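# Fold and geometry: a report
In case you want the letters, here they are:
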Amino acid sequence: MRKMTWLKTLAVFVVSLGLWGGPSVTSAAAATVTPFGAQRFAHDHATYVITTKSAYYRRIWQEAIQAWNQTGAFKFEAGTKRHAQIKLDTDSRQQAAMMGDNVGVTQYWAKNNDLTTVTSTLNPELMHAFGYSRADDEHVAEHELGHAMGLNHNPSKDSVMYYRDRSVGIQKVDVLGVEERYHTPAGESD
Ligand SMILES: [Zn+2]
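- In the annotation of an unreviewed UniProt entry, the protein is listed under the name Zn-dependent protease and assigned to Levilactobacillus acidifarinae DSM 19394 = JCM 15949.

In structure tokens form, the structure reads like this:
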């Protein structure tokens with residue numbers, strides 16, 4: 001699901017990850033590279049801060065960051081609460097009601113297709129209710145970080161960016177997608 005709201009020059013985007021849909025969802029032909037949108041950070045690195053109060057989800061975010069950093073395609077660097085470009089959180093009780101059946105949501109602000117601020121939020125209550133394993137939780141965090149870097153959904157199930165991903169971690173196609181995203185100017189998508 002994708003919603004867009006246009007302000008004067010600052011665009012706000014929201015992308016979300018729904019619950020696992022089960023076997024009725026058919027997989028499209030494998031995309032060779034995970035697609036990306038028109039927005040990107042100025043460089044292939046950005047600062048983050050983890051704001052969730054949950055020790056468990058703090059670790060989930062940290063592990064997802066580590067997994068992406070190990071690919072070498074992008075570098076998430078620890079920042080301060082005040083200046084970090086990316087904020088990683090879990091939802092409040094109030095937000096949970098608005099999350100609907102989304103286990104994760106990423107909201108980003110862009111000016112002339114340059115990403116300025118990104119907020120990714122996990123929905124622990126829902127993941128817990130649907131029996132997500134620790135690995136599943138990590139994949140959701142990796143998926144949201146994929147959006148944070150500018151990746152779109154991959155129609156193939158063999159991608160962390162599949163729109164209902166839960167069981168698949170970062171794949172080669174996803175790493176290639178990030179590399180292409182940062183070798184392609186802002187404003188151009190694939
Ligand atoms: Zn998504």
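### Notes on unusual backbone geometry
- Non-glycine residue asparagine 112 carries a positive phi angle of around 50°.
- By secondary structure assignment, the location of asparagine 112 is in the loop between β6 (102-111) and β7 (114-122).

### What to know about the environment of alanine 110
- Position of alanine 110 relative to the elements: it lies in strand β6.
- Linking alanine 110 and phenylalanine 41, residues 69 residues apart in sequence, is a C-alpha distance of 8.9 Å.

### Observations concerning the packing of helix α1 (residues 55-71) against helix α4 (residues 134-149)
- Remark: α1 packs on α4, axes separated minimally by 9 Å, with the N-to-C direction vectors making an angle of 60°. Taken together, the axes of α1 and α4 are oblique relative to one another. Here the hand of the crossing between α1 and α4 comes out right-handed. Within the contact between the two elements, α1 uses Tyr56, Tyr57, Arg59, Ile60, Trp61, Glu63, Ala64, Ile65, Ala67 and Trp68 and α4 uses Arg134, Asp137, Glu138, Ala141, Glu142, Glu144, Leu145, Gly146 and Met149.
- Grouping the constituent residues of the contact of α1 with α4 by class yields eleven nonpolar, one polar and seven charged.

### Considering α1
- If you check α1, its first and last C-alpha atoms are 25 Å apart, about what 17 residues at 1.5 Å a residue would give, namely 24 Å.
- Within the span of α1, buried status applies to Tyr57, Ile60, Trp61, Ala64, Ile65, Ala67 and Trp68. Axial view of α1: buried residues confined to an arc of 160°, hence all on one face.
- Capping the start of α1, serine 54 holds a side-chain oxygen 3.3 Å from the backbone nitrogen of tyrosine 56, two or three residues further along.
- Two residues or fewer past α1, glycine 72 is found with a positive phi of approximately 80°.

### Re the nonpolar core
- Grouped together as the largest cluster of nonpolar side chains are 39 residues, with contacts concentrated most on Phe76 and Ile86.
- If you tally residues by element for this core, the top one is α1, at six residues.

### A word on the pattern of salt bridges
- As enumerated under the stated definition, the model contains three salt bridges in all.
- Put simply, arginine 134 and glutamate 138 hold a salt bridge, and the shortest N to O gap is 3.7 Å. Placement of both arginine 134 and glutamate 138 in helix α4 is noted, with a separation of four residues, approximately one turn of the helix.
- In this structure glutamate 138 comes out as buried when scored by relative accessible area, which is 19%.
- Here the residues in one salt-bridge network are Glu63, Arg134 and Glu138, joined through shared partners.

### Things to note about the coordination of the zinc ion
- Within the protein, His143 (NE2), His147 (NE2) and His153 (NE2) serve as the donor atoms for the zinc ion, at 2.0 to 2.1 Å.
- Linear spacing of the donor residues for the zinc ion on their chain is H-x3-H-x5-H.
- By relative accessible area, which is 2% here, histidine 147 ends up buried.
- Given a relative accessible area of 23%, histidine 153 falls into the partly exposed group.

Calculation criteria
Residues numbered from 1 in each chain as written. Predicted model: local features only at pLDDT ≥ 70, side-chain atom pairs only at ≥ 80, totals over all residues. Heavy atoms only, no water. Helix = DSSP H or I, 4+ residues; strand = E, 2+ residues; numbered from the N terminus. Axes fitted to C-alpha atoms, helices over the stretch in contact; angles between N-to-C directions. Parallel < 35°, antiparallel > 145°, perpendicular 65-115°, else oblique. Left-handed = near helix turned anticlockwise from the far one by under 90°. Contact = heavy atoms within 4.5 Å. Nonpolar A, V, L, I, M, F, W, Y, C, P; charged D, E, K, R; others polar. Expected span 1.5 Å × (residues − 1). Buried < 20%, exposed > 50% of the residue type's maximum accessible area, 1.4 Å probe, protein only. Arc of directions from axis to C-beta. Polar contact = N/O pair within 3.5 Å; in protein donor to acceptor, adjacent residues only side chain to side chain. Core = buried A, V, L, I, M, F, W, Y, C linked by side-chain atoms within 4.5 Å. Salt bridge = Lys/Arg side-chain N within 4 Å of Asp/Glu carboxyl O. Donors = N, O, S within 2.8 Å, 3.2 Å for Na, K, Ca; no water.

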